[in-house]
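Summary of the model geometry
Here is how the chains run, residue by residue.
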Protein chains: 2
Amino acid sequence: MALIVQKFGGSSVANAERVMNVARIVTETYAKGNDVVVVVSAQGDTTDDLIAKAAEISAKPSKREMDQLLAAGEQISIALLSMAIEKLGFPVCSLLGWQAGFSTNSVYGSARIKKINTERIKVELSRKNIVVVAGFQGINRYDDITTLGRGGSDTSAVAIAAAMHADRCQIFTDVEGVYTADPRKVKNAVKLSEITYDEMLELATLGAQVLNNRSVEMAKKYDVVLEVLSSMTNAPGTIVKESVKMEKMLVRGVTKDVNVARISIIGVPNVPGIAYKIFGKLAAENINVDIILQSVGRNDTKDITFTVSADNCEKTLEVLRGLELTAGLKIEYDDQNVAKVSAVGAGMETHPGVAASMFKALFEADINIQMISTSEIKISVLIDKADADKAVAAIHDAFIPDSKD
Amino acid sequence: MALIVQKFGGSSVANAERVMNVARIVTETYAKGNDVVVVVSAQGDTTDDLIAKAAEISAKPSKREMDQLLAAGEQISIALLSMAIEKLGFPVCSLLGWQAGFSTNSVYGSARIKKINTERIKVELSRKNIVVVAGFQGINRYDDITTLGRGGSDTSAVAIAAAMHADRCQIFTDVEGVYTADPRKVKNAVKLSEITYDEMLELATLGAQVLNNRSVEMAKKYDVVLEVLSSMTNAPGTIVKESVKMEKMLVRGVTKDVNVARISIIGVPNVPGIAYKIFGKLAAENINVDIILQSVGRNDTKDITFTVSADNCEKTLEVLRGLELTAGLKIEYDDQNVAKVSAVGAGMETHPGVAASMFKALFEADINIQMISTSEIKISVLIDKADADKAVAAIHDAFIPDSKD
């Protein structure tokens, strides 16, 4: 007998039929003799509907009242899922965030979990109940409702799994697992049976959009074995854990990110402190800078080029203009025509030559590389957006064995 | 400076515009220097929508999960009203039932308030916040969400007013107060400026549908001064309190109730215990019997006639058939063509002759009386439903001075 935490997102419980489907998955797991804690998000469009209701009243509601409002969404979905589980004849008990013991800090809208008092969950499990917990929410030290922000239900699930030393935390989504590339775009994309936390983190950051980063970090920290799988099929998913058996694949995933802007500052005087001035200010404004490249320019000046997410381009330009760098500087940017393509794999650490093979693949596909960035387990290149899909396919073909033949 | 509790029902907060209207009423009261605690119900159709969602999943959901579900309704409305109050520039804090300290028993769906721990409300008032409390809900000793059942938000408001010794509890509805008769039907109907708890109770029972009976009983018990008034107009409402200054009106309200069925059992053997057998069984089935009339029949038998609400007619007939009373009994019923018309007034206690005047008025209007029932402050007659409006007008004209001339 094992303790399994299962998490279902908003689309998995969007209507009565899907709620019944989730109830079947949960009760099958329970019927096999497992203790089951289920974490659910608000139904499909509920959160958007509530945000729209608030917007009708106030353009800038306080975050406290916004959290009070939004937390009603999961309250509805846990009650409905529990009714569906009852209907299948199984014992069940729904718990709101505070009933399940979630204590958070007081940052309304993106609170951090401080502690989970799991006593109530344990009592309900000892009564043989399936426990259905509202994701995304908790209470702060003042007993006020808080929400965890984007991807918060994943974090709730991993936090419960960590606090209760669950044997597995299953994250049900609308994909069957983690793929080596987007299967809609790359015909040879393969579902990975296992992946490391670090690889998953790089893939999540790069836009694979399967798992929320914060939840992967927490799983890594507390050694929670995650499984990403689909609520629509019965297929086994992808296991995320600390170390995986070395497979033949050096590169485990190839992704593209088109939400990228490239910004260049040309003619920066060659004196110390300029880079600090620029990037310190951007950090203070909460603008995340990704690839940075500095090159020697003409006449004792240098050029600095960096990338930010395209969403942040406008704000970044404002910050740069406000900096009053010396006259003669020229700022150029492109937030329309660039894309970042990355190859990720924990095996890269011990295998030199991956970068070379990747550049070769791009060269053979006639793709020009604008910028390069590497980490221990990742190589990213900035290229023309028009070439992005071709680049992903070329890199994928170069590294990933074609298992579909 | 006074402490005022204001309660707004679902139709008063049905949409953004009405929520803003309520926010204006609340902030005007606060701006006059009062402490204000506001109790709100779920928005318009929210509760019905949630019930429909549950019905899609299960025909018979558990009451615990139903309460968990329904409590989300007020959570939404308190957050929205608080945002509206913020928008008008006033300090505010919304509180769920449990945050406001409502402890109830564990009868899900129709829980009784056991205690209110008002500490949090007091803290927020001392911070000069307007406090917006979710009506209709609390938690039981297990920290599970409960709801108070029909009219529960009225009860929540009166309970807070009682616990905090509020100077007044204002119940905002869609009528301007309590009238001597339905103003849409009786042209001379007059709004009462004051009414006693007992009169209000009789009027509420009789279908005036202004205030929930349980809340009036609680107000009477704890001496809470109630005011019934409209959220749509600025007019003063009706004050409900223990004793009111004697006005010239002996009869304070005339009402009709058409949700009535008359049931007759004809040919009951004249032996002891039959009435007990019948009405004991009906009580055990939770069927409320109103007027009872027993008459001597032919051949040592008697006839028993009584009224129940029309909704309960079918169930009552089943119970009677199940009783296996002696053969030869005949059961007759009419759940279509009868109505109960009542005159209520605390002054009746000390003024004999009211009944006679009432019967005279009905006689002059050519209305036949089928049954009569009296209490200290009420006289009810059962008549043909077709005559009901005419009867109300006739009794009203006989007792209530025509203040509109």
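As a starting point, this report considers the structure included with it. (Residues numbered from 1 in each chain as written. Chains lettered and ligands numbered in written order. Predicted model: local features only at pLDDT ≥ 70, side-chain atom pairs only at ≥ 80, totals over all residues. Heavy atoms only, no water.)

What follows concerns the sheet that holds strand β13 (residues 253-257) of chain B. All names here are of chain B. Read from one edge to the other, the open sheet built from four strands follows the order β13-β18-β20-β19, with strand pairing classed as antiparallel. Two strands close off the open sheet at either side, each with one partner strand: β13 and β19 (371-375). Ignoring which end each strand starts from, the neighbouring axes of this sheet average 20° apart. The pairing of β13 with strand β18 (residues 338-344) spans five bridges and is classified as antiparallel. Residue pairing in the sheet places lysine 256 in a bridge with valine 341 of β18. Packed on one face of the sheet, helix α10 (residues 354-364) meets β18, β19 and β20 (378-384) and runs near 20° to β20. (Pairing = 2+ DSSP bridges. Helix = DSSP H or I, 4+ residues; strand = E, 2+ residues; numbered from the N terminus. Axes fitted to C-alpha atoms, helices over the stretch in contact; angles between N-to-C directions. Contact = heavy atoms within 4.5 Å.)

Residue and element names in this part refer to chain B. Relative to the elements of secondary structure, threonine 29 occurs in helix α1 (residues 16-31). At a separation of 3.0 Å, a polar atom in the side chain of threonine 29 contacts the side chain of glutamine 6. When near neighbours in sequence (up to four residues on either side) are disregarded, threonine 29 contacts Ile4, Gln6, Asn34 and Val36. (Polar contact = N/O pair within 3.5 Å; in protein donor to acceptor, adjacent residues only side chain to side chain.)

Residue and element names in this part refer to chain A. Taken as a whole and assessed by the stated rule, the structure comprises seven aromatic pairs over all chains. Between tyrosine 30 and phenylalanine 90 the ring centres are 5.8 Å apart and the planes differ by 90°, which places this aromatic pair in the edge-to-face class. Separated by 60 residues along the polypeptide, tyrosine 30 in helix α1 (residues 16-31) and phenylalanine 90 in the loop between α3 (63-87) and β3 (92-95) bring together distant segments of the chain. For the ring pair phenylalanine 279 and phenylalanine 306, a centre distance of 5.2 Å and an interplane angle of 80° mean the geometry is edge-to-face. (Phe/Tyr/Trp six-rings, centres within 6.5 Å; stacked < 30°, edge-to-face > 60°.)

On to the interface of chain B and chain A. Between chain B and chain A, the contact holds 42 residues from the first and 42 residues from the second. Along the contact surface separating chain B from chain A lie two salt bridges. Aspartate 144 of chain B is the salt-bridge partner of arginine 120 of chain A, the closest N and O atoms lying 2.7 Å from each other. There are 22 residue pairs in polar contact (both at pLDDT 80 or more) connecting chain B and chain A. Elements with a minimum of two residues in the side of chain B that touches chain A: α1, α2 (46-57), α3 (63-87) and β3 (92-95) of chain B. At 17 residues, α3 of chain B tops the list of elements feeding residues into the side of chain B that touches chain A. Its residues placed into classes, the side of chain B that touches chain A shows 25 nonpolar, eight polar and nine charged. (Salt bridge = Lys/Arg side-chain N within 4 Å of Asp/Glu carboxyl O. Nonpolar A, V, L, I, M, F, W, Y, C, P; charged D, E, K, R; others polar.)

For the rest of this paragraph, the subject is the sheet that holds strand β12 (residues 238-241) of chain A. Whether parallel or antiparallel, the strands of a sheet pair through hydrogen bonds between backbone atoms. Residue and element names in this part refer to chain A. Judged by pairing direction, the sheet is mixed, and its eight strands sit side by side in the order β3-β6-β2-β1-β9-β11-β12-β10 without closing on themselves. Strand pairing shows two members of the sheet lacking a second neighbour, β3 and β10 (194-196), which therefore form its edges. Neighbouring strand axes in the sheet, compared pairwise and without regard to direction, differ in orientation by 20° on average. Here five bridges tie strand β9 (residues 168-173) to strand β11 (residues 226-230), and the two strands are oriented parallel to one another. Bridging across to β11, cysteine 169 finds its partner in leucine 226.

The next subject is unusual backbone geometry. Residues and elements named next belong to chain A. At aspartate 143, a residue that is not glycine, the phi angle is positive and equals roughly 70°. Mapped onto the elements, aspartate 143 comes out in the loop between β7 (137-139) and β8 (145-147). For aspartate 366, which is not glycine, the phi torsion reads 65° and is therefore positive. Mapped onto the secondary structure, aspartate 366 falls in the loop between α10 (354-364) and β19 (371-375). A relative accessible area of 65% means that aspartate 366 is categorised as exposed. (Buried < 20%, exposed > 50% of the residue type's maximum accessible area, 1.4 Å probe, protein only.)

Let us now look at the pairing of β12 of chain A. Residues and elements named next belong to chain A. The pairing of β10 with β12 spans three bridges and is classified as parallel. Within the sheet, the bridge partner assigned to threonine 196 lies in β12 and is lysine 241. In the sheet, β11 pairs with β12 via three bridges, with the strands oriented antiparallel. Looking at the pairing, valine 228 lines up with threonine 238 of β12.

Superposition of chain B onto chain A requires a rotation of 180° combined with a translation of 0.0 Å along the rotation axis, giving an RMSD of 0.1 Å. A rotation of that kind, with that shift, is consistent with a two-fold axis. In terms of C-alpha distance to the rotation axis, chain B has alanine 72 of chain B as its closest residue, with the C-alpha 2.6 Å off the axis. (Least-squares fit on C-alpha atoms with pLDDT ≥ 70 in both.)

For the rest of this paragraph, the subject is the packing of α10 of chain B against helix α11 (residues 388-399) of chain B. Residues and elements named next belong to chain B. It is the contact of α10 with α11, at a shortest axis distance of 9 Å, that shows an interaxial angle of 130°. Relative to α11, α10 is oriented oblique. Along this stretch, α10 crosses α11, giving a crossing that reads as right-handed. Contact with α10, carried on its side by Val354, Ser357, Met358, Ala361 and Leu362, involves Ala391, Ala394, Ile395, Ala398 and Phe399 of α11 and no other residues of that element. (Parallel < 35°, antiparallel > 145°, perpendicular 65-115°, else oblique. Left-handed = near helix turned anticlockwise from the far one by under 90°.)

In this section: the nonpolar core. With 80 residues, the main nonpolar core has Leu69, Leu81 and Val132 of chain A together with Leu69, Leu81 and Val132 of chain B as its most contacted residues. Look past the residues within four positions of valine 132 of chain A in its chain and what remains in contact with it is Val38, Val40, Ile78, Leu81, Ser82, Ile85, Val92, Cys93, Ser94 and Leu95 of chain A. The next biggest cluster of nonpolar side chains, apart from the first, holds 69 residues, and it includes Met249, Val254, Val344 and Leu362 of chain B. (Core = buried A, V, L, I, M, F, W, Y, C linked by side-chain atoms within 4.5 Å.)

All right, on to the packing of helix α5 (residues 152-163) of chain A against helix α7 (residues 213-222) of chain A then. Residue and element names in this part refer to chain A. At a minimum axis separation of 8 Å, α5 and α7 run at an interaxial angle of 10°. It follows from the interaxial angle that α5 and α7 lie roughly parallel. On α7, the residues that touch Asp154, Thr155, Val158, Ala159 and Ala162 of α5 are Arg214, Ser215, Met218, Ala219 and Tyr222. Here the contact of α5 with α7 is composed, by residue class, of six nonpolar, two polar and two charged.

Glancing now at the state of the cysteines. Taken as a whole and judged by the stated rule, the model has zero disulfides over all chains. Just so you know, cysteine 93 of chain B is unpaired, no disulfide at all, and the nearest cysteine sulfur is the one on cysteine 169 of chain B, 20 Å from it. (Disulfide = S-S within 2.5 Å.)

Attention now goes to helix α9 (residues 313-322) of chain A. All names here are of chain A. Taken together, the buried positions of α9 are occupied by Cys313, Thr316, Leu317, Val319 and Leu320. Considered in projection along α9, the buried side chains sweep an arc of 160° and stay on one side of the axis. Away from its buried face, by an angle of more than 90 degrees, α9 presents the exposed residues Glu318, Arg321 and Gly322. Where the residues of α9 are buried, they touch β14 (260-269), α8 (274-284), β16 (301-309) and β17 (330-334). Following α9 by one or two positions, glutamate 324 has its phi on the positive side, about 50°. (Arc of directions from axis to C-beta.)

To continue, consider the pattern of salt bridges. Two side chains carrying opposite charge are able to pair once their charged atoms lie near each other. Residues and elements named next belong to chain B. This structure, assessed with the given rule, holds 38 salt bridges over all chains. Linking aspartate 154 and lysine 7 is a salt bridge whose minimum nitrogen-to-oxygen distance equals 2.8 Å. With a gap of 147 residues between them, aspartate 154 in helix α5 (residues 152-163) and lysine 7 in strand β1 (residues 3-8) connect regions that are remote in the sequence. Note on aspartate 154: relative accessible area 7%, which makes it buried.

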